Amino acid sequence: MAATSHWTDRLKRRPLYAVFVLAAVAIAAWSFRPRPLVVDIARFERGPVVVAFVEEGRTRLRDRFVVAAPLAGVLERVELDPGDAVAAGQRIGFIRATRAALLDPATREEARARWRAAADE
């Protein structure tokens, strides 16, 4: 009788194994199913394309050239593109003069010294 009870217990457990296997397959199928994506929907209309962005950048210079001016001021926008050829004497920019600062004694003496140095040459 002991042998028959062993086989009957084993037969009774097989449906329990099948339930575990089916549960594992169901969980795997549920976890790998595709999920819907959230999208924006808009109406299509013809019109001009307007794209704008504002960014700040840094210029990396390989060669530096000194451009001197006889007066103090603000350099207006340079209208040349990188790589443009520049001839000798060609105007590359426009300097807008700033308002003259009040001449304090130190600045006045410095200006007189420059004037004297320029007159001596």
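Residues numbered from 1 in each chain as written. Predicted model: local features only at pLDDT ≥ 70, side-chain atom pairs only at ≥ 80, totals over all residues. Heavy atoms only, no water.

**Examining the overall build of the protein chain**
Within the protein chain, the secondary structure is distributed over 2 helices and 2 strands. In sequence order, the protein chain lays out its α and β elements as α-β-β-α. Within the protein chain, the proportion of its 121 residues that are buried is 0%. Carbon together with sulfur atoms contributes 60% to the accessible area of the protein chain, which is approximately 13400 Å² in total. (Helix = DSSP H or I, 4+ residues; strand = E, 2+ residues; numbered from the N terminus. Buried < 20%, exposed > 50% of the residue type's maximum accessible area, 1.4 Å probe, protein only. Areas by Shrake-Rupley, 256 points an atom, 1.4 Å probe, with all protein chains shown as cover.)

**A word on a nonpolar patch on the surface**
On the surface, L71, L75, V78 and I95 cluster together into a nonpolar patch covering about 330 Å² of accessible area. You can see L75 is positioned in strand β1 (residues 73–75). (Patch = residues over 30% accessible without salt bridge, like charges linked within 9 Å, V, L, I, M, F, W, Y side chains within 5 Å. Salt bridge = Lys/Arg side-chain N within 4 Å of Asp/Glu carboxyl O.)

**A few points about the pattern of salt bridges**
A side chain of one charge can pair with a side chain of the opposite charge when the charged atoms of the two come close. Summed over all chains, the structure comprises 3 salt bridges. Among the ionic pairs, R96 bridges to E76, the shortest N-O distance being 2.7 Å. In this pair, R96 is assigned in strand β2 (residues 95–97) and E76 in the loop between β1 and β2, connecting sequence segments 20 residues apart.

**Quick word on the environment of I92**
The residue I92 is located in the loop between β1 and β2 in this model. C-alpha of I92 to C-alpha of R77: the two residues are 15 residues apart in sequence and 9.6 Å apart in space. Contact partners of I92, with chain neighbours within four places excluded, come to V67, V78, L80 and V86. (Contact = heavy atoms within 4.5 Å.)

**Some points on the environment of L80**
Relative to the assigned elements, L80 resides in the loop between β1 and β2. Through-space distance from the C-alpha of L80 to that of G93 is 8.7 Å; in sequence the pair is 13 residues apart.

**What about the confidence of the model for the protein chain?**
Mean pLDDT over the protein chain stands at 80; residues scoring 70 or higher make up 85%. Across the protein chain, the element-wise mean pLDDT spans from 77 in helix α1 (residues 2–31) up to 86 in helix α2 (residues 105–120). (pLDDT = per-residue confidence, 0-100.)

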